[in-house]
Amino acid sequence: MKCRTCGTKAVINMRQHKLALCKLHFLEWIPAQTERFIKKYEMFTHYQKVLVAVSGGKDSLSLWDILIKLGYQADGIYIGLGIGDDGGYSDISRKMCENFSRERSQKLHVFDVNEEYGETIPKIAQRTRRGKIKTCSVCGLTKRHVMNEVAQKYNYDVLVTGHNLDDEAAVLFGNTLHWDGDFIVRQSPVLPATSGFSKKAKPLCRFYEKEMAAYAILSGIQYIYEECPYSIGSTSIYYKQQLNVLENNNPGEKLRFYLHFLKAKENGLFAMEPESFQDLLVCKKCGQPTSADGFCSFCRLFDQR
Amino acid sequence: MVTLIIRGKKYEIRSGMTLLSSLKKLNILPETVLATRNGEMITEDEVLGDGERIDLIEVISGG
């Protein structure tokens with residue numbers, strides 16, 4: 001297979017785009033497309049301060065790499081979750097992020113959950129109702145809380161995450177299967193800032209997971225290949241597998257599922273419920289916005305001790 | 001024979017097939033892996049030769 005741009009040997013064939021590219025042109029294509037998505041969805045500008053949430057995985061480190069190459073003011077934030085033993089999952093992922101930032105002379109905020117709150121994510125999960133059902137639920141809640149706290153504290157204009165199209169399509173698939181209207185309405189490549197919440201953006205939301213892995217490998221980015229032990233057998237991975245069965249039989253199916261959803265939303269298919277606009281209150285413990293009168297969901301985790 | 005390795009697990013398949021056919025034979029969805037030969041990424045139409053080692057990198061992660 002030949003590269004469409006230069007005719008040399010292709011390293012990747014993106015069937016959904018009917019596009020095969022060589023290493024050189026693929027590594028140019030990904031940043032160029034990212035820039036296009038950033039502008040299309042009005043995510044941020046070169047004059048704004050961007051905070052990239054990095055986990056040590058292929059998507060977030062690739063995103064940081066792309067933003068640096070595109071000349072954005074992008075700092076990183078790594079959240080130490082305390083998963084695995086000494087030298088285990090969290091330690092390895094932290095090392096990946098620290099090495100990445102050092103090699104590129106970029107600023108990395110490191111926030112260690114155990115140091116700040118006296119407990120690791122697995123320990124919090126063990127003793128809370130939310131965590132007993134799903135460890136990932138406690139992890140997600142904590143990450144959202146910490147990322148917003150750091151973005152607000154250091155005055156970042158926008159918080160960006162490395163969610164790719166497979167992530168977005170899997171979430172949409174799950175929410176559609178269960179008709180979770182509130183979640184469906186909120187899913188977007190960009191969420192504007194609201195009182196107490198930073199603006200959020202997902203610049204990789206239109207790239208397949210395979211493309212991001214290819215970008216990381218071809219760019220020589222060292223990322224953690226090992227899976228988080230808590231994600232093994234997760235619903236999100238199951239949904240991704242199902243979507244890939246559809247994709248295999250019908251190239252472009254995942255992309256169309258997501259893009260047609262965005263189009264339908266733009267055309268007003270999903271009306272916002274009036275209560276979605278309700279005024280948020282302020283958490284009495286941490287000061288972050290909350291819909292509850294009293295403590296926010298995150299602070300309530302520590303009420304259950 | 002061709003050796004395909006995924007997460008340390010080895011599979012032997014006959015040579016002369018394309019990467020795509022080999023993945024199908026192993027019930028691996030092409031969308032879920034990247035393949036490298038001698039450290040170089042290859043596309044699914046590549047024919048795999050006798051004695052070659054192909055490393056498959058899983059691309060799907062949770063979260």
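Whatever comes next refers back to the structure up there.
Being a predicted model, the structure only gives us computed values, none of them experimental.

**Some remarks on the layout of surface pockets**
Part 1 of the argument: In this structure, the second largest pocket encloses a volume near 330 Å³.
Part 2 of the argument: Lining the second largest pocket are 16 residues, with I237 and Q241 of chain A together with T32, E58 and I60 of chain B sitting closest to its centre.
Part 3 of the argument: Looking at side-chain class alone, the lining of the second largest pocket contains 8 nonpolar, 5 polar and 3 charged residues.

**A word on the interface of chain A and chain B**
Part 1 of the argument: Chain A puts 30 residues into the contact, and the matching count from chain B is 22 residues.
Part 2 of the argument: Here chain A packs against chain B, burying approximately 2,200 Å² in sum over the two surfaces, 56% of which is carbon and sulfur.
Part 3 of the argument: Taken together, the links from chain A to chain B amount to 3 salt bridges.
Part 4 of the argument: The shortest N-O distance in the salt bridge between E31 of chain B and K254 of chain A comes to 3.9 Å.
Part 5 of the argument: On inspection of chain A and its partner chain B, the count reaches 12 residue pairs in polar contact (both at pLDDT 80 or more).
Part 6 of the argument: Put simply, the parts of the chain that give the side of chain A that touches chain B at least two residues each are β1 (12-14), α2 (58-69), α10 (209-219) and α11 (235-249) of chain A.

**Structural notes on the environment of A213 of chain A**
Part 1 of the argument: Take A213 of chain A: it is sitting in helix α10.
Part 2 of the argument: Considering only alpha carbons, one finds A213 of chain A and G140 of chain A, 73 residues apart in sequence, at a separation of 22 Å.
Part 3 of the argument: In contact with A213 of chain A, other than residues within four places in its own chain, are K58 of chain A together with L34 and V59 of chain B.

**Things to note about the pairing of strand β4 (residues 73-80) of chain A**
Two faces make up the sheet, and in a regular strand the side chains alternate between them.
Residue and element names in this part refer to chain A.
Part 1 of the argument: In terms of residue burial, β4 counts as a mostly covered element, since 7 of its 8 residues are buried.
Part 2 of the argument: By the bridge criterion, 6 bridges tie strand β3 (residues 49-54) to β4 in an arrangement that is parallel. Residue pairing for β4: K49 is matched across the bridge by Q73.
Part 3 of the argument: Between β3 and its parallel partner β4, the chain crosses via α2, and the hand of that crossover is right-handed.
Part 4 of the argument: Bridging between β4 and strand β5 (residues 108-112) involves 5 bridges; their strand directions are parallel. Paired with I77 across the bridge in β5 is H109.
Part 5 of the argument: In the classification by handedness, the crossover that spans β4, the intervening helix α3 (residues 89-103) and the parallel β5 is right-handed.

**Overview of the packing of helix α1 (residues 23-40) of chain A against α10 of chain A**
Residue and element names in this part refer to chain A.
Part 1 of the argument: Remark: α1 packs on α10, axes separated minimally by 10 Å, with the N-to-C direction vectors making an angle of 120°. Between α1 and α10, the interaxial angle falls into the category oblique. By crossing handedness, the relation of α1 to α10 is classed as left-handed. Seen from α1, the contacting residues are K23, F26, L27, W29, I30 and P31; seen from α10, they are E211, A214, Y215, L218 and S219.
Part 2 of the argument: Classifying every residue of the contact of α1 with α10 gives 8 nonpolar, 1 polar and 2 charged.

**As for unusual backbone geometry**
Part 1 of the argument: The backbone of S105 of chain A shows a phi angle near 50°, a positive value even though the residue is not glycine.
Part 2 of the argument: Structurally, S105 of chain A can be placed in the loop between α3 and β5.
Part 3 of the argument: For S105 of chain A, a relative accessible area of 65% gives the class exposed.
Part 4 of the argument: A positive phi angle, close to 50°, is found at N38 of chain B, a residue other than glycine.

**Focus on helix α7 (residues 135-153) of chain A**
All names here are of chain A.
Part 1 of the argument: Helix length check: α7 (19 residues) gives 27 Å between terminal C-alpha atoms against 27 Å at 1.5 Å per residue, within 8%.
Part 2 of the argument: Along α7, the residues that are buried comprise T135, V138, C139, G140, L141, T142, H145, V146, M147, N148, V150 and A151.
Part 3 of the argument: Backbone geometry just after α7 places N155 at a positive phi near 55°.

**Some words on the sheet that holds strand β5 (residues 53-58) of chain B**
Part 1 of the argument: Strand order across the open sheet formed by 5 strands is β2-β1-β5-β3-β4 (chain B), with mixed pairing between neighbours. Edge positions in the sheet fall to β2 (9-13) and β4 (40-42) of chain B, since each has one partner strand and no second. In this sheet, neighbouring strand axes are inclined to one another by 35° on average, regardless of whether the strands run parallel or antiparallel.
Part 2 of the argument: In terms of strand pairing, strand β1 (residues 2-6) of chain B meets β2 of chain B through 5 bridges, oriented antiparallel. Following the sheet pairing, L4 of chain B is matched in β2 of chain B by Y11 of chain B.
Part 3 of the argument: Here α10 of chain A sits on the sheet and contacts β3 (33-37), β4 and β5 of chain B; the angle it forms with β3 of chain B, its principal contact strand, is near 30°.

The rules behind the values
- Residues numbered from 1 in each chain as written.
- Chains lettered and ligands numbered in written order.
- Predicted model: local features only at pLDDT ≥ 70, side-chain atom pairs only at ≥ 80, totals over all residues.
- Heavy atoms only, no water.
- 1 Å grid on protein atoms, 1.4 Å probe; cavity = no way out; pocket = protein on both sides within 12 Å on 5 of 7 lines; lining within 4 Å.
- Points joined across faces, edges and corners; volume = space filled by probe spheres on them.
- Nonpolar A, V, L, I, M, F, W, Y, C, P; charged D, E, K, R; others polar.
- Contact = heavy atoms within 4.5 Å.
- Buried area = accessible area lost by both parts, 1.4 Å probe.
- Salt bridge = Lys/Arg side-chain N within 4 Å of Asp/Glu carboxyl O.
- Polar contact = N/O pair within 3.5 Å; in protein donor to acceptor, adjacent residues only side chain to side chain.
- Helix = DSSP H or I, 4+ residues; strand = E, 2+ residues; numbered from the N terminus.
- Buried < 20%, exposed > 50% of the residue type's maximum accessible area, 1.4 Å probe, protein only.
- Pairing = 2+ DSSP bridges.
- Right-handed = clockwise from strand over helix to strand, strands pointing away.
- Axes fitted to C-alpha atoms, helices over the stretch in contact; angles between N-to-C directions.
- Parallel < 35°, antiparallel > 145°, perpendicular 65-115°, else oblique.
- Left-handed = near helix turned anticlockwise from the far one by under 90°.
- Expected span 1.5 Å × (residues − 1).

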